[in-house]
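What follows is each chain in one-letter form.
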Amino acid sequence: MALIVQKYGGTSMGTPERILNVAQRVKRWHEHGHQVVVVVSAMSGETNRLLGLAKAITDTPDPRELDQMISTGEQVTIALLAMSLKSIGVNAKSCTGGQVGIKTDTSYTKARIQSIDDGSMRRDLDAGQVLIVAGFQGVDPHGNVTTLGRGGSDTTGVALAAALKADECQIYTDVDGVYTTDPRVAPKAKKLDRVTFEEMLEMASLGSKVLQIRSVEFAGKYQVPLRVLSSFDNPNDGAFDQQFKTTVGTLITTEAGTDMEQPIISGIAFNRDEAKLIVRGVPDQPGIASRILSPIGNANIEVDMIVQNVAADGTTDFTFTVNRSEMKKALGLLQQIGQEIGAREVTGDDTIVKVSIVGVGMRSHAGVASQMFTTLASEGINIQMISTSEIKISVVVDEKYLELAVRALHTSFDLDRSSGESRAQA
Ligand code: ADP
Ligand code: ASP
Ligand code: MG
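Anyway, here's the lowdown on the structure attached to this text. (Residues numbered from 1 in each chain as written. Chains lettered and ligands numbered in written order. Predicted model: local features only at pLDDT ≥ 70, side-chain atom pairs only at ≥ 80, totals over all residues. Heavy atoms only, no water.)

Observations concerning the site of ligand 2
Here is the rule: We call a residue near a molecule or strand whenever a single non-hydrogen atom of that residue lies within 4 Å of it. Counted as a polar contact is a pair of N or O atoms within 3.5 Å, where, for protein atoms, one must be capable of donating a hydrogen and the other of accepting one, and residues adjacent in sequence contribute only when both atoms are in side chains. When residues are grouped by polarity, Ala, Val, Leu, Ile, Met, Phe, Trp, Tyr, Cys and Pro land in nonpolar, Asp, Glu, Lys and Arg in charged, and all others, Gly among them, in polar.
Taken together, the residues surrounding ligand 2 are Ser 41, Thr 47, Glu 74, Phe 136, Arg 150, Gly 151, Gly 152 and Ser 153. Here a nitrogen atom of ligand 2 and a side-chain polar atom of Thr 47 are 2.8 Å apart. Contacts to ligand 2 include Glu 74, whose side-chain N or O atom sits 2.7 Å from a nitrogen atom. Residues belonging to the shell around ligand 2 are distributed by class as follows: one nonpolar, five polar and two charged.

Remarks on the pattern of salt bridges
To keep it simple, the criterion reads: The term salt bridge refers to a side-chain nitrogen of Lys or Arg lying within 4 Å of a carboxyl oxygen of Asp or Glu. In this description a helix means any DSSP run of H or I spanning at least four residues, a strand means any run of E spanning at least two, and both kinds are numbered starting from the N terminus. When accessible area is computed with a 1.4 Å probe and restricted to protein chains, residues below 20% of their type maximum are described as buried, those above 50% as exposed, and intermediate ones as partly exposed.
Enumeration over the complete set of coordinates arrives at 20 salt bridges. In this structure, the salt-bridge partner of Lys 27 is Glu 31, at a minimum N-O distance of 3.9 Å. One end of the pair is Lys 27 and the other is Glu 31, both in helix H1 (residues 16-31) and four residues apart, which spans about a single turn. Classification of Lys 27 as partly exposed rests on a relative accessible area of 23%. Here Lys 209 and Asp 273 are joined by a salt bridge, their closest N and O atoms 3.0 Å apart. Remark: Asp 273 occurs in the loop between strand E13 (267-271) and strand E14 (274-283) and Lys 209 occurs in the loop between helix H7 (197-205) and helix H8 (213-221); sequence separation between them is 64 residues. Accessibility expressed as a relative area gives 31% for Asp 273, which makes it partly exposed. Overlapping salt bridges, with partners in common, bring together Glu 198, Arg 363 and Glu 390 in one network.

Here we look at the site of ligand 1
To keep it simple, the criterion reads: A 1.4 Å probe and the Shrake-Rupley method give the accessible areas. Residues count as covered only by the protein chains that appear here.
The immediate surroundings of ligand 1 are formed by 17 residues, with Thr 173, Asp 174, Tyr 179, Asp 182 and Arg 184 found nearest. A distance of 2.6 Å separates an oxygen atom of ligand 1 from a polar side-chain atom of Thr 173. Between an oxygen atom of ligand 1 and a side-chain N or O atom of Asp 182, the distance comes to 2.9 Å. For ligand 1, the protein covers 84% of the area, taking 570 Å² as the surface of the free molecule. Of the residues belonging to the shell around ligand 1, the class tally is six nonpolar, six polar and five charged.

Some points on the state of the cysteines
Put simply, the test is: Cysteine sulfur atoms are paired as a disulfide whenever they fall within 2.5 Å.
Within the structure shown, the criterion is met by zero disulfides. In this structure Cys 95 is a free cysteine whose sulfur lies 17 Å from that of Cys 169, the closest cysteine sulfur available. For Cys 95, a relative accessible area of 4% puts it in the buried group. Note on Cys 169: relative accessible area 0%, which makes it buried.

Details of the sheet that holds strand E3 (residues 92-95)
Stated precisely, the cut-off is as follows: Strand pairing is assigned whenever DSSP identifies at least 2 bridges connecting the two strands. Note on geometry: axes are C-alpha line fits, over the in-contact stretch for helices, and angles between N-to-C directions span 0 to 180 degrees. Residue contacts follow a heavy-atom distance rule, with two residues in contact if any of their heavy atoms lie within 4.5 Å.
Reading across from one edge, E3-E6-E2-E1-E9-E11-E12-E10 is the order of the eight strands in this open sheet, with mixed pairing throughout. Each edge of the open sheet is held by one strand with a lone partner, namely E3 and strand E10 (194-196). On average, each strand axis in the sheet is inclined to that of its neighbour by 20 degrees, with strand direction left out of account. Two elements, E10 and strand E12 (residues 250-253), share three bridges in a ladder whose sense is parallel. Looking across to E12, one finds that Val 195 is bridged to Ile 252. Against the sheet, helix H6 (residues 153-163) makes contact with strand E1 (3-8), strand E2 (35-40), strand E6 (130-134), strand E9 (168-173) and strand E11 (226-230), and its axis sits at roughly 155 degrees relative to E2, the strand it touches most.

As for the sheet that holds strand E18 (residues 352-358)
Overall, antiparallel pairing links the four strands, which are arranged E13-E18-E20-E19 in an open sheet. Each edge of the sheet is formed by a strand with only one pairing partner; in this case those strands are E13 and strand E19 (385-389). Direction aside, neighbouring strands of the sheet carry axes that sit 20 degrees apart on average. Sheet analysis places E18 next to strand E20 (residues 392-398), joined by seven bridges and oriented antiparallel. Each residue of the ladder has a partner; that of Val 353, found in E20, is Val 397. Most of the contacts of helix H12 (residues 402-412) go to E18, to which it runs at about 10 degrees, and overall it touches E13, E18 and E20.

Following this line, the structure appears as C-alpha cells:
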C-alpha cells in the first residue's frame, strides 16, 4: 500500500465529464488499497475570469480581497470532485487549504507555505477517506486566505506530498510528461522519461510552465518523488500498476540518466513574458549601474538579464529585462533616473522573448554556446542579449522568431530523435 498525492490541473478539471474521468482514476488507486490525497486546480480559465472581474472594478485591487476571491475557483472543483467520487461509491471529503492546515506567510498573491499540519489528514486517510484538497491556497497566521502564485496548485501537491512523506507526487496534466520543449511550439518535441531536479528547475524558471518553479524547489529540497503524466490517458492503462510502480510520464529525479547517448542539451525553454529596457548614452562612471537599478529594485520589480556596452565616446548603453507586466512601471522610473544621470535616451521594448537551452551535459562539453549562436545566425535570427550559467544559455530575440529559434535549436542539438514515440495530447 502506498500513499499517493495526485494533482489535477485546470484542463483536467475543465468540464463535468473530465471531473468524472478524474474520479474514475482516483477510484482505481483507492480500490487497490492506496491512500490518496488529490489536489485540484480551478477549472481552466476560471482564475483568469476572476482576475478579470477584479480588474473591471479597479486597476489596483486590494491584495487581500484579490486572494479571497481568486481562491474560490478551487473551492468549486474540490466539491465537484468529492461529489463525483461519492456518486461512484468512494468515501471522499473536500477541504480548503485552511481546513488541512496549510499555513503561509502574508504575502498575498505569492504567499510561501510555512507549515502544514498533517494530523487531521492522516486521521482521514487512516479512516479510509480520499481527501480532495484545494490547490493554490493557504491561510496566513491571522486566518486570512492567501494564494501561492499562478500555477500554485503544483506547489500545494508537492508540499502535501512532503508533509505526508508520500511515496509519489503525481502531477496529472494535458500532456503526457515533460518534453524537450513545449510540444505546442515544436511538434518534434520528445517526451523525456527522466529529468533531473536541477534541469527541471532551470526549465521551470526559464519559462516552461509545465511545473511551477516552487513546486520543483520544494520537491528537490524534501526529496519528493515527482512525476508528470497525462490525465487523458485511459485510467486503466500503464499509468496504473498494482505494485504502484508507474512507469509512464516523466520522473523528476536526482540522478542523471544512464543512457550513454544522452544529448548534451536536455531541453529548450522560452519565456514570452519579458520586456527589455534600454538606457542609452549614460556616462561610463562607477555607480551608474546601481543608480539605474536601485529604484527598480526598491519598487519590487525583478530584473532578469543585464547587459552593458561601452561606446567609443565614453558613454555606455545599459539594457535589462523585467517581466512584461512591469515594463510601464519600470519605464516611468527610468525616465526620471535618466534625467538625473544625464542619459541620452530611455526606451522599452515588449516585443522580445527569451529562449534558453538547458542541460547538465553542458558542464563537460565545450562549444555549446557557439553551436547555439551559429544555429540562430544561420536562420537569420539576431541575438539581442545573452546570459549563461553552468547548465543553461539564454538569449533574447525578437518575438517573431520564437518558433523558428526553438525548432532550429531543437534540431541542431539532436533533440528531434525518436519524436514519433510520444505525443502531446491537447
Ligand atoms: P495544468 O493546467 O495541468 O497545470 P499547465 O498549462 O500549467 O497545465 O502546464 C501544461 C502545459 O505546459 C502543456 O500544455 C504545455 O503546453 C506546456 N509546456 C511548456 N513547456 C513544456 C515542456 N517542456 N514539456 C511539457 N509541457 C510543456
Ligand atoms: N488556478 C490557479 C491558476 O490558474 C492555480 C493553478 O492552476 O495551479 O494559476
Ligand atoms: Mg500548471
